[in-house]
Amino acid sequence: FVFISTIEAYPSDAITKTEELEINVSEVSNVYGYTKLICESLVNTHSPRPLILRPGLLVGPSMRVNNFSRMMDESNAMLTLSAQSNFYICHYDYLVDFIAFCSTRDIFGTYNTVPSDSKTLGEVASQYNRECNFGDFVYDSGIISNEKIVDVDRRFEFSSYDSVNRYIDSRNAK
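One structure accompanies this document, and this report is about it. The structure displayed is predicted, hence computed values, not measured ones.

### Quick look at the packing of helix H3 (residues 92–103) against helix H6 (residues 160–172)
In step 1: Look at H3 against H6: their axes get within 9 Å of each other, and the N-to-C directions meet at 105°. In terms of axis orientation, H3 runs roughly perpendicular to H6. Across from Asp93, Tyr94 and Asp97 in H3, the residues of H6 making contact are Asp162, Ser163 and Arg166.
In step 2: Here the residues of the contact of H3 with H6 are counted per class, giving 1 nonpolar, 1 polar and 4 charged.

Here you go:
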């Protein structure tokens, strides 16, 4: 069984988040992360060999409109998030490839499916020459480790910019 969870399942404190971290549900600060964590518990209880994936910001050609897609796709986009908001950006392709990789090797467990680095919206806007109007809300992904997944599949040594480049390529292929 494959379950797509989220890094939002981690509490919002300063420690590095690893898959082995014991999470106290009462410390998860948002409903989305709390709900995903409850679902993870159900999957672990009822599936003998679950694959639970905790991505950051997933991007790809069929993604829902959000601050990232507005910034990349619109001229002078109006955003609600600040330039300091940071994300671990993962293209759909990396996630799909990892699921296929695991299914052919009987790999299961919980994995942070995040790149090797996070980027702020301001850094991405600057790198890709995007003009936009940032908002005030700061989203902080925290510090998420991808060491466990890299030990299993070295392709997860990609960067957030690698995912942004794939996003641009997939958008241009439309």
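### Observations concerning the pairing of strand S3 (residues 51–55)
In step 1: Here S3 lies mainly inside the structure; 5 of its 5 residues are buried.
In step 2: Burial of S3 is two-sided: the residues Leu51, Leu53 and Pro55 facing one way and the residues Ile52 and Arg54 facing the other way are all buried.
In step 3: Strand direction decides the pairing type here: strand S1 (residues 2–4) and S3, joined by 3 bridges, are parallel. Within S3, the residue paired with Phe3 across the bridge is Ile52.
In step 4: Sheet topology note: the S3/strand S8 (residues 109–113) ladder contains 5 bridges and is parallel. If you follow Leu51 over to S8, its bridge partner there is Gly109.

Conventions used here
Residues numbered from 1 in each chain as written. Predicted model: local features only at pLDDT ≥ 70, side-chain atom pairs only at ≥ 80, totals over all residues. Heavy atoms only, no water. Axes fitted to C-alpha atoms, helices over the stretch in contact; angles between N-to-C directions. Helix = DSSP H or I, 4+ residues; strand = E, 2+ residues; numbered from the N terminus. Parallel < 35°, antiparallel > 145°, perpendicular 65-115°, else oblique. Contact = heavy atoms within 4.5 Å. Nonpolar A, V, L, I, M, F, W, Y, C, P; charged D, E, K, R; others polar. Buried < 20%, exposed > 50% of the residue type's maximum accessible area, 1.4 Å probe, protein only. Pairing = 2+ DSSP bridges.

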